[in-house]
Amino acid sequence: MQALTGPEAVPADISVWRLPVDRNAAEDWLVLTSPEQDRAWRFRLEADRARYVGARAGLRRLLAGRLGLAPAQVPLRAGKHGKPELGQGASCFFNVSHAGGYALVAMSDRREVGVDVECEQDIFDLEPLAGYALLPAERMGWRGLPPAAAFLRRWTGKEAALKAWGVGVAQHLLQVQVHPGGRAGEIAVSAACADWPACEACELAMPAGYVAALAWLPAVRDPEDRAGAILPSRSARAPGIRQ
C-alpha cells in the first residue's frame, strides 16, 4: 500500500492510502470475518471478488494499526446507506472506495471523510450518465477534455462529498455542484441543503486511466467527541441547486 499526498489544503489529520486489489494473498482472506468471506464468495466475477477482499483486508489492517487491534478484531459494521463504520465505541473516521485494480482508504481522527476512485474503462454511454449525474452548469466546459476523464472529475468530487456527508449518493447527486477550485487540484463544492456542513474536496493523484477525489468536513470540537460535528439530516431531501 502507498500513502498519497494531496494539495496543501488537505488537513494534516487526514491520511489517504492506495492499495492494489487486483490479486489477493491467502492472508487477505484470513483477516476477514466469516460474514465478509461469505459475501466475497457471492460475487460472480473473480475480479469483483478480488477487489472486495483486497479492499476489506487493507481497510482492516489500516484500522488495526490505529486502534491497536488485530485486523480480524476491528469492529466493522455497515452504517446508514451502507457506509462502513466502527462499532463498540471505537473512534476513527474513515471511508473506502475501489475500482479496477485499486482501492483507496481515507482516515482521520478528527473529521468525517469521503473518497471515491473510478476507472475510465468502466465508463460506457457517457451522455445518459452525464444527464443523470451532472447539473447543466457542470456539463459546460467538460467537453474540452477527454470525455471519460472529464466526467469522472465531476462524478468523483460529488460522490466523495456525499460520502463525507453520509447521505445516499444516488438520490442526492443533483443536490451537489462541483467545479475546479482556485488552486490546482482543489474542488469547490456547493450544496442545496442548508443544514449540510461546509465540505472541501480535492483531486487525488492516480495512475493513468483512474480518477479519484477526497472530501472532508469541518473538524469536530474534540478528537474524542464525534458528536461535536454537525452532520446533515439523513432524511433531508433538498430541492436542488438553482441554475
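Rules used throughout
- Residues numbered from 1 in each chain as written.
- Predicted model: local features only at pLDDT ≥ 70, side-chain atom pairs only at ≥ 80, totals over all residues.
- Heavy atoms only, no water.
- Core = buried A, V, L, I, M, F, W, Y, C linked by side-chain atoms within 4.5 Å.
- Buried < 20%, exposed > 50% of the residue type's maximum accessible area, 1.4 Å probe, protein only.
- Helix = DSSP H or I, 4+ residues; strand = E, 2+ residues; numbered from the N terminus.
- pLDDT = per-residue confidence, 0-100.
- Contact = heavy atoms within 4.5 Å.
- Lys, Arg positive; Asp, Glu negative; His and termini not counted.
- Salt bridge = Lys/Arg side-chain N within 4 Å of Asp/Glu carboxyl O.
- Polar contact = N/O pair within 3.5 Å; in protein donor to acceptor, adjacent residues only side chain to side chain.
- Axes fitted to C-alpha atoms, helices over the stretch in contact; angles between N-to-C directions.
- Parallel < 35°, antiparallel > 145°, perpendicular 65-115°, else oblique.
- Left-handed = near helix turned anticlockwise from the far one by under 90°.
- Nonpolar A, V, L, I, M, F, W, Y, C, P; charged D, E, K, R; others polar.
- Expected span 1.5 Å × (residues − 1).
- Pairing = 2+ DSSP bridges.
- Phe/Tyr/Trp six-rings, centres within 6.5 Å; stacked < 30°, edge-to-face > 60°.
- Lys NZ or Arg CZ within 6 Å of the ring centre and 35° of its normal.

Okay, the nonpolar core next. Phe151, Trp165 and Val189 are the most contacted members of the largest nonpolar core, which totals 28 residues. Element by element, the count of residues in this core is highest for helix α6 (residues 147–165), at nine residues. Core analysis: the next-biggest nonpolar cluster, separate from the first, contains 18 residues, Val16, Ala106, Cys202 and Leu214 among them.

A low pLDDT means the predicted coordinates there should not be read in detail. Of all residues in the chain, 88% have pLDDT values of 70 or greater, and the mean over the chain is 84. Scored below 50 in pLDDT, residues 226–243 shows 48 contacts in the model against residues more than four places distant or in partner chains.

Here we come to the side chain of Arg18. Inspection of the secondary structure puts Arg18 in strand β2 (residues 14–20). Within the buried set, Arg18 has no salt-bridge partner at all; the shortest N-O distance to an opposite charge, 11 Å, is to Asp22. Engagement of the side chain of Arg18 in a polar contact is seen with the side chain of Gln2, the distance being 2.6 Å. Only 3.4 Å separates the side chain of Arg18 from the backbone oxygen of Ala205, close enough to count as a polar contact.

Contact pair helix α2 (residues 34–41) / helix α3 (residues 46–67): the axes reach a minimum separation of 9 Å and the direction vectors enclose 160°. Our classification of the angle between α2 and α3 gives roughly antiparallel. For the pair α2 and α3, the crossing hand works out as right-handed. Contacts between α2 and α3 involve Glu36, Arg39, Ala40 and Trp41 from the former and Arg49, Tyr52, Val53, Arg56 and Arg60 from the latter. In terms of residue class, the contact of α2 with α3 is built from four nonpolar, no polar and five charged.

With that settled, consider α6. Helix length check: α6 (19 residues) gives 28 Å between terminal C-alpha atoms against 27 Å at 1.5 Å per residue, within 8%. The element α6 is largely enclosed, with a buried count of 17 among its 19 residues. The positive-phi residue at the C-terminal boundary of α6 is Gly166, with phi of around 80°.

A few words on the pairing of strand β8 (residues 176–180). The pairing of β8 with strand β9 (residues 186–191) spans five bridges and is classified as antiparallel. Each bridged residue has a counterpart across the sheet, and for Val176 the counterpart in β9 is Ala191. The antiparallel hairpin formed by β8 and β9 contains five residues in its connecting segment, where Gly185 sits at a positive phi of about 85°.

Let us now look at the packing of aromatic side chains. This structure, assessed with the given rule, holds five aromatic pairs. The ring of Tyr102 has Arg18 lying over it, and the distance from NZ or CZ to the ring centre is 5.6 Å.

This next bit is on the sheet that holds strand β10 (residues 200–204). Hydrogen bonds between backbone atoms are what pair the strands of a sheet, whose relative direction is either parallel or antiparallel. One open sheet holds the five strands; their spatial order is β7-β11-β10-β9-β8, and the pairing between them is antiparallel. With one partner strand each, in any of the chains shown, β7 (113–119) and β8 form the two edges of the open sheet. Sheet twist, expressed as the mean angle between neighbouring strand axes with direction ignored, is 25°. Relative to strand β11 (residues 210–216), β10 runs antiparallel, the two being bridged by five bridges.

Overall, antiparallel pairing links the four strands, which are arranged β1-β2-β6-β5 in an open sheet. Unpaired on one side and paired on the other, β1 (2–4) and β5 (93–99) mark the two borders of the sheet. Within this sheet the neighbouring strands show an average axis-to-axis angle of 25°, counted without direction.

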